[in-house]
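Below, each chain spelled out in residue letters.
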Amino acid sequence: MEHVTDLFKEAMGRLAAGVTVVTTEIDGRPWGVTVSACCSISMSPPLMLVSLFTSNASSVAIKEQQRFGVSLLTNDQTDVAKAGAKPGTPKFFEEFVDFDSFGKTHMVKDALAHVHCKVDQVVEAGDHTIFIGRVEHVSLGELKDPLLYFHREFGSFTTELEPKEPIVK
Ligand SMILES: Cc1cc2nc3c(=O)[nH]c(=O)nc-3n(C[C@H](O)[C@H](O)[C@H](O)COP(=O)(O)O)c2cc1C
């Protein structure tokens with residue numbers, strides 16, 4: 001019988017997910033890691049979570065700095081997603097980001113949106129650390145098609161619906 005962990009991995013690989021880059025700083029330089037375990041959890045107050053492998057350099061840095069950014073990628077940013085996902089490689093991100101002095105985190109240039117968070121709670125869960133961030137500032141980019149990840153492949157989203165106006169432009 002296949003091990004439940006393998007079945008679980010396969011099952012979760014079938015949940016199409018948006019792709020983000022979580023930003024932090026290491027040695028005073030911008031650093032970005034590709035993350036799909038990301039969601040909003042409250043609007044009042046505005047809270048979001050990201051779940052990172054505990055031994056990742058980014059998890060250690062976020063625990064120290066108590067701050068992180070989340071850039072939501074567009075479907076023409078596969079190169080950025082791949083750069084933030086290279087195992088065992090430093091993920092210095094100067095070429096992909098700008099610093100937002102108001103939100104105090106690094107944002108991936110031309111991302112769909114970027115959420116600046118201050119750490120509110122840290123929950124250790126198995127081999128991951130869940131960071132719950134208090135949303136302090138949000139930067140919106142151009143509304144484009146999102147980058148998705150499904151069955152270990154990057155792809156995009158298409159809809160037959162009429163495009164809606166954004167809530168805020
Ligand atoms: C689409 C995609 C989504 C990912 N989502 C997560 C995630 O939610 N949390 C996480 O810790 N790593 C996630 N990873 C893996 C990291 O991006 C990275 O590859 C991994 O942490 C290895 O980096 P390291 O060797 O520097 O530790 C994801 C990778 C890809 C390609």
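Residues numbered from 1 in each chain as written. Predicted model: local features only at pLDDT ≥ 70, side-chain atom pairs only at ≥ 80, totals over all residues. Heavy atoms only, no water.

1. Side note on the sheet that holds strand β2 (residues 20-26)
Link 1 in the chain: Read across the sheet, seven strands follow the order β3-β2-β6-β9-β10-β5-β4 without closing on themselves; strand pairing throughout is antiparallel. Among the strands making up the open sheet, the edge pair consists of β3 (29-35) and β4 (38-43). In this sheet, neighbouring strand axes are inclined to one another by 35° on average, regardless of whether the strands run parallel or antiparallel.
Link 2 in the chain: Where β2 and β3 come together, seven bridges link them in antiparallel fashion. Considered in β3, the bridge of V21 is made with T34. (Pairing = 2+ DSSP bridges. Helix = DSSP H or I, 4+ residues; strand = E, 2+ residues; numbered from the N terminus. Axes fitted to C-alpha atoms, helices over the stretch in contact; angles between N-to-C directions.)

2. Some words on the pairing of strand β10 (residues 128-140)
The side chains of a regular strand alternate between the sheet's two faces.
Link 1 in the chain: For strand β5 (residues 46-53) and β10, the ladder comprises seven bridges, and the chain directions are antiparallel. Bridging across to β10, S51 finds its partner in I130.
Link 2 in the chain: In the sheet, strand β9 (residues 113-125) pairs with β10 via 12 bridges, with the strands oriented antiparallel. Of the residues in β10, the one forming a bridge with H114 is S139.
Link 3 in the chain: Between the antiparallel neighbours β9 and β10 lie two residues, among them G126 with a positive phi of about 60°.

3. What about the sheet that holds strand β11 (residues 147-150)?
Link 1 in the chain: Pairing within the open sheet is antiparallel, and its three strands lie in the order β1-β11-β12. Of all the strands in the sheet, just β1 (17-18) and β12 (153-156) have a single pairing partner and so form its edges.
Link 2 in the chain: Of the pairings in the sheet, the one linking β1 to β11 comprises two bridges and is antiparallel in character. Bridged to A17 within β11 is Y149.

4. Examining the site of the ligand
Link 1 in the chain: Taken together, 16 residues surround the ligand, and among them T34, N56, A85, G88 and K91 come closest.
Link 2 in the chain: With respect to the ligand, the backbone of S36 contributes an N or O atom lying 3.0 Å from a nitrogen atom.
Link 3 in the chain: At a separation of 3.3 Å, an oxygen atom of the ligand approaches a polar backbone atom of G84.
Link 4 in the chain: In the complex, the protein chains occlude 77% of the 630 Å² of accessible area that the ligand would expose alone. (Near = heavy atom within 4 Å. Polar contact = N/O pair within 3.5 Å; in protein donor to acceptor, adjacent residues only side chain to side chain. Areas by Shrake-Rupley, 256 points an atom, 1.4 Å probe, with all protein chains shown as cover.)

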